[in-house]
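Structural description and commentary
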Amino acid sequence: VNRMQNNKQRDKRLKISVVSIVLLSICLCITTFALIWSMARVNGNIFSTGRVDIEINDGKPVIEEDEYLLQPGMTIVKDFHIHNNSTDEAYYKIYFEDITGGLADVIEVSIRDDEQVLFSGKPNDLTRQKVSSANDPLRVKEKKELEIEFYYPEGSRRTKDPKLTFTLSADAVHTKNNPNREFD
């Protein structure tokens, strides 16, 4: 008799467990269905990418090889331009790279836009890592006329290698979603 009662109790507990599992599964399905249908939807969201394309002086050197024989006290001023071929406004910076020669720590350089100095210093101080962006971004398709000035201070110390060679370069980044002017 005890055995029969134990079997009945076990069967009863098993039925209750099965019914509970079925009910919980149904509740889970209904809740999931309700959550999916109650989500807010906004159509027409679009992500787009942009293209950054900056060009200096149509790819031509600003100073040609052997164009000048720079002497102490002498200043050279040359015009050049930067052109934004990007798909959006861009922050830009102009800097020196591939710098060689003993005059890299002697010559003083200024890059100006309408008498406003954008970048200044010695070539070794105007590298990609050390230069920040210009204050005003370039608009789409804008071609900005600039001038670069090289000044060889009088009384400068003599160097063993009285030359300066460099590559004038530019980097640019889009202005959108970049309030801190972060360059990669």
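Residues numbered from 1 in each chain as written. Predicted model: local features only at pLDDT ≥ 70, side-chain atom pairs only at ≥ 80, totals over all residues. Heavy atoms only, no water.

**Remarks on the sheet that holds strand 2 (residues 75-84)**
- On the basis of which strands lie adjacent, the open sheet formed by 5 strands has the order 1-2-6-4-5 and antiparallel pairing. Edge positions in the sheet fall to strand 1 (54-56) and strand 5 (116-121), since each has one partner strand and no second. The sheet shows a mean angle of 25 degrees between the axes of neighbouring strands, taken without regard to direction.
- As paired elements, strand 4 (residues 108-113) and strand 5 share 5 bridges and run antiparallel to each other. Opposite Ser110, over in strand 5, you have Ser120 as the bridge partner. (Pairing = 2+ DSSP bridges. Helix = DSSP H or I, 4+ residues; strand = E, 2+ residues; numbered from the N terminus. Axes fitted to C-alpha atoms, helices over the stretch in contact; angles between N-to-C directions.)

**As for the layout of surface pockets**
- Computed from the structure, the largest pocket encloses a volume of approximately 890 Å³.
- Along the wall of the largest pocket there are 28 residues; nearest its centre are Ile63, Asp66, Tyr68, Leu164 and Thr165.
- If you tally residues by element for the lining of the largest pocket, the top one is strand 7 (residues 165-174), at 4 residues.
- Split by residue class, the lining of the largest pocket holds 17 nonpolar, 4 polar and 7 charged.
- The wall of the second largest pocket is formed by Ser48, Thr49, Gly50, Thr87, Asp88, His174, Lys176 and Asn177. (1 Å grid on protein atoms, 1.4 Å probe; cavity = no way out; pocket = protein on both sides within 12 Å on 5 of 7 lines; lining within 4 Å. Points joined across faces, edges and corners; volume = space filled by probe spheres on them. Nonpolar A, V, L, I, M, F, W, Y, C, P; charged D, E, K, R; others polar.)

**Quick look at the pattern of salt bridges**
- A complete count under the given rule lists 10 salt bridges for this structure.
- Between Arg112 and Glu149 there is a salt bridge, with the nearest N and O atoms lying 2.6 Å from each other. Residue Arg112 is located in strand 4, and its partner Glu149 is located in strand 6 (residues 143-151); the two are separated by 37 residues in the primary sequence.
- Taking the relative accessible area as the measure of exposure, Arg112 reaches 11% and is therefore buried.
- Among the ionic pairs, Lys130 bridges to Asp125, the shortest N-O distance being 3.9 Å.
- Given a relative accessible area of 55%, Lys130 falls into the exposed group. (Salt bridge = Lys/Arg side-chain N within 4 Å of Asp/Glu carboxyl O. Buried < 20%, exposed > 50% of the residue type's maximum accessible area, 1.4 Å probe, protein only.)

**Topic: a nonpolar patch on the surface**
- Together, Leu14, Val18, Val22, Ile26 and Ile30 give the surface a local cluster of nonpolar side chains, amounting to about 450 Å² of exposed area.
- Assignment of secondary structure puts Val22 in helix 1 (residues 2-38). (Patch = residues over 30% accessible without salt bridge, like charges linked within 9 Å, V, L, I, M, F, W, Y side chains within 5 Å. Areas by Shrake-Rupley, 256 points an atom, 1.4 Å probe, with all protein chains shown as cover.)

**Quick word on the packing of aromatic side chains**
- A full pass over the atoms with the stated rule returns 2 aromatic pairs.
- The ring centre of Phe183 lies 4.6 Å from the NZ or CZ of Lys93, which sits over that ring. (Phe/Tyr/Trp six-rings, centres within 6.5 Å; stacked < 30°, edge-to-face > 60°. Lys NZ or Arg CZ within 6 Å of the ring centre and 35° of its normal.)

**Regarding the confidence of the model for the chain**
- Chain-level statistics for the chain give a pLDDT mean of 88 and a share of 95% at 70 or above.
- At the low end of the mean pLDDT range in the chain sits helix 1, at 80; at the high end sits strand 6, at 96. (pLDDT = per-residue confidence, 0-100.)

**Thoughts on the side chain of Ser133**
- Mapped onto the elements, Ser133 comes out in the loop between strand 5 and strand 6.
- Polar contacts involving the side chain of Ser133 include one to the side chain of Arg181, which spans 3.2 Å. (Polar contact = N/O pair within 3.5 Å; in protein donor to acceptor, adjacent residues only side chain to side chain.)

**Re unusual backbone geometry**
- The phi torsion at Asn57 lies on the positive side, around 50 degrees, for a residue other than glycine.
- Inspection of the secondary structure puts Asn57 in the loop between strand 1 and strand 2.
- Residue Asn57 is classed as buried on the basis of its relative accessible area, which comes to 12%.
- For Asp66, which is not glycine, the phi torsion reads 60 degrees and is therefore positive.

**Description of the nonpolar core**
- Counting residues in hydrophobic clusters, the biggest one holds 28 residues, and the most contacted among them are Phe80, Tyr92, Ile94, Ile111, Phe119 and Ile148.
- Taken together, the elements giving at least two residues each to this core come down to strand 1, strand 2, strand 3 (90-100), strand 4, strand 5, strand 6 and strand 7.
- It is strand 3 that provides the largest number of residues to this core, a total of 5 residues.
- Those residues within four positions of Tyr92 in sequence are excluded, and the remaining contacts are Ile82, Leu118, Phe119, Ser133, Ala134, Asp136, Leu138, Lys144, Asp171, Ala172 and Phe183. (Core = buried A, V, L, I, M, F, W, Y, C linked by side-chain atoms within 4.5 Å. Contact = heavy atoms within 4.5 Å.)

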